[in-house]
Amino acid sequence: MDKTAIKEIIDNATVQAQMQKPVPGNVVALPDNYLLHDLSCFAPQARFFTRNFTTSNLQAFVDYVKAYAPAATTESTKPTLFVNPANGSAVMAFDGGTPDHPGQAKHVAQIKVSHTAEARALFDGLNGAKLSQRSLIDTLEDWPENIIPYAGEKQMTIAQAVAAIRNADINHVRRTNSHLDDEAHRSHASASLMTQVESASEHLLPTTFAITLSAYAGAPAFTFHVRVVAAEDGSVPVFRTRVIAYERHVAEINSYFLSVIRDSLSTVTDIYEGTI
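What counts and how
- Residues numbered from 1 in each chain as written.
- Predicted model: local features only at pLDDT ≥ 70, side-chain atom pairs only at ≥ 80, totals over all residues.
- Heavy atoms only, no water.
- Core = buried A, V, L, I, M, F, W, Y, C linked by side-chain atoms within 4.5 Å.
- Buried < 20%, exposed > 50% of the residue type's maximum accessible area, 1.4 Å probe, protein only.
- Helix = DSSP H or I, 4+ residues; strand = E, 2+ residues; numbered from the N terminus.
- Contact = heavy atoms within 4.5 Å.
- Pairing = 2+ DSSP bridges.
- Axes fitted to C-alpha atoms, helices over the stretch in contact; angles between N-to-C directions.
- Polar contact = N/O pair within 3.5 Å; in protein donor to acceptor, adjacent residues only side chain to side chain.
- Salt bridge = Lys/Arg side-chain N within 4 Å of Asp/Glu carboxyl O.
- Arc of directions from axis to C-beta.
- Phe/Tyr/Trp six-rings, centres within 6.5 Å; stacked < 30°, edge-to-face > 60°.

**Let's talk about the nonpolar core**
With 55 residues, the main nonpolar core has F61, L81, F209, I211, F224, I261 and L265 as its most contacted residues. The element best represented in this core is helix α8 (residues 246–265), accounting for six residues. Apart from the residues within four sequence positions on either side, L81 is in contact with F61, A90, V91, M92, I261, L265, T269, D270, I271 and Y272.

This is the structure:
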């Protein structure tokens, strides 16, 4: 009798012993060359309700959780939802169970919101950016329904802003902007910011954009302001842009996400702020 035959006899004996007296805790010791076969696919019903629902739409997530949470609720417990407003995400295991009666967590719903195209281009893209004349013109022409340009307190049309930027002259930029400092830029109403950079065609350059958009699908539209400062880069004009109170707007977006989750789902789930 060779080693292979002896090993098979020992393995078979091990399996027989495990079948007759299984180890507590739903575990079993098997030889490493044994394969596991799941036969549940041949049964009339699956052993678990297995589904991983993923979306980036906040309302779709709320609707799904509302539809399936009642079936996972008992007299004493509700399914648990973990939400992380800082990155607009949440995850819920309908069958996670409790510490005393843990479940398999085979049925999961999760959301990770993503910024809309206009939010990526205008809210994220214009914060701390340095743009050429062509790039700033492209931004205005790509998103005219979202942007209202201002020269000081005077509202402009998109066409007027585009014409002024296209004809901007480096000499006017150098003469009028050489003494502006960062502190002056912080006040939207500051009188010092009423100084305008004139283009060669005598147009006033925009100093502020009022922009309205939705941060992500399912979020309400909000308005923010972008400071536009003309500067020089070698022999050509450039435009530096900054979203005013960017961090405050981010905090408000995150707060809205959390409030919708709490207001919509607190009756059907136990909500914890954090990740797992």
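**Describing unusual backbone geometry**
One non-glycine residue, A245, lies in positive phi territory at about 60 degrees. Residue position: A245 is located in the loop between β10 (236–243) and α8. Accessibility expressed as a relative area gives 26% for A245, which makes it partly exposed.

**With respect to the sheet that holds strand β11 (residues 270–273)**
The strand order across the open sheet built from five strands is β1-β4-β3-β2-β11, with neighbouring strands paired in mixed fashion. Across the chains shown, the open sheet's two edge strands, defined by having one partner strand only, are β1 (51–55) and β11. Sheet twist, expressed as the mean angle between neighbouring strand axes with direction ignored, is 15 degrees. Bridge count between strand β3 (residues 89–93) and strand β4 (residues 107–112): five bridges; the pairing is antiparallel. Across the sheet, the residue bridging to A90 is I111, located in β4. The strands touched by α8 within the sheet are β2 (80–84), β3, β4 and β11, with β2 carrying the most contacts at an inclination of about 165 degrees.

**Re the side chain of S89**
By the element assignment, S89 lies in strand β3. You can call S89 buried: its relative accessible area is 14%. A distance of 2.6 Å separates a polar atom in the side chain of S89 from a polar atom in the side chain of N87. With near-sequence residues (within four places) excluded, S89 lies in contact with F82, V83, N84, I111, K112 and F257.

**Topic: the pattern of salt bridges**
What the rule picks out here adds up to six salt bridges. Across the pair R248 and E252 runs a salt bridge, and its minimum N-O distance is 3.1 Å. Here R248 pairs with E252, and both are found in helix α8, just four residues apart, close to one helical turn. According to the relative accessible area criterion, R248 is partly exposed, its value standing at 46%. A relative accessible area of 42% places E252 in the partly exposed class. Connected via shared salt-bridge partners are R134, D138 and E141.

**Quick notes on the side chain of N146**
With respect to the element layout, N146 can be found in the loop between α4 (133–142) and β6 (147–151). For N146, a relative accessible area of 11% corresponds to the buried category.

**Considering helix α3 (residues 117–124)**
Taken together, the buried positions of α3 are A119, L122 and F123. Within α3, the buried residues cover an arc of 95 degrees as seen down the axis, which keeps them to one side. Taken together, the buried residues of α3 touch α4, β6, β8 (208–214), β9 (221–233), β10 and α8.

**Points about the packing of aromatic side chains**
Summed over the entire model, instances satisfying the criterion amount to ten aromatic pairs. On the numbers, 4.1 Å between centres and 0 degrees between planes, the contact of F53 with Y64 is stacked. Placement of F53 in strand β1 and of Y64 in helix α2 (residues 58–68) is noted, with a sequence separation of eleven residues between them. Among the residues examined, F53 registers a relative accessible area of 21% and is labelled partly exposed. Residue class for Y64 comes out buried when judged on its relative accessible area of 9%. Their ring planes at 25 degrees and their centres at 4.7 Å tell us that F123 and Y246 sit as a pair that is stacked. Pair noted here: F123 is in helix α3 and Y246 is in helix α8, with a separation of 123 residues, a long-range link. Of the aromatic side chains, those joined through ring pairs into one cluster are F53, Y64, Y68 and F94.

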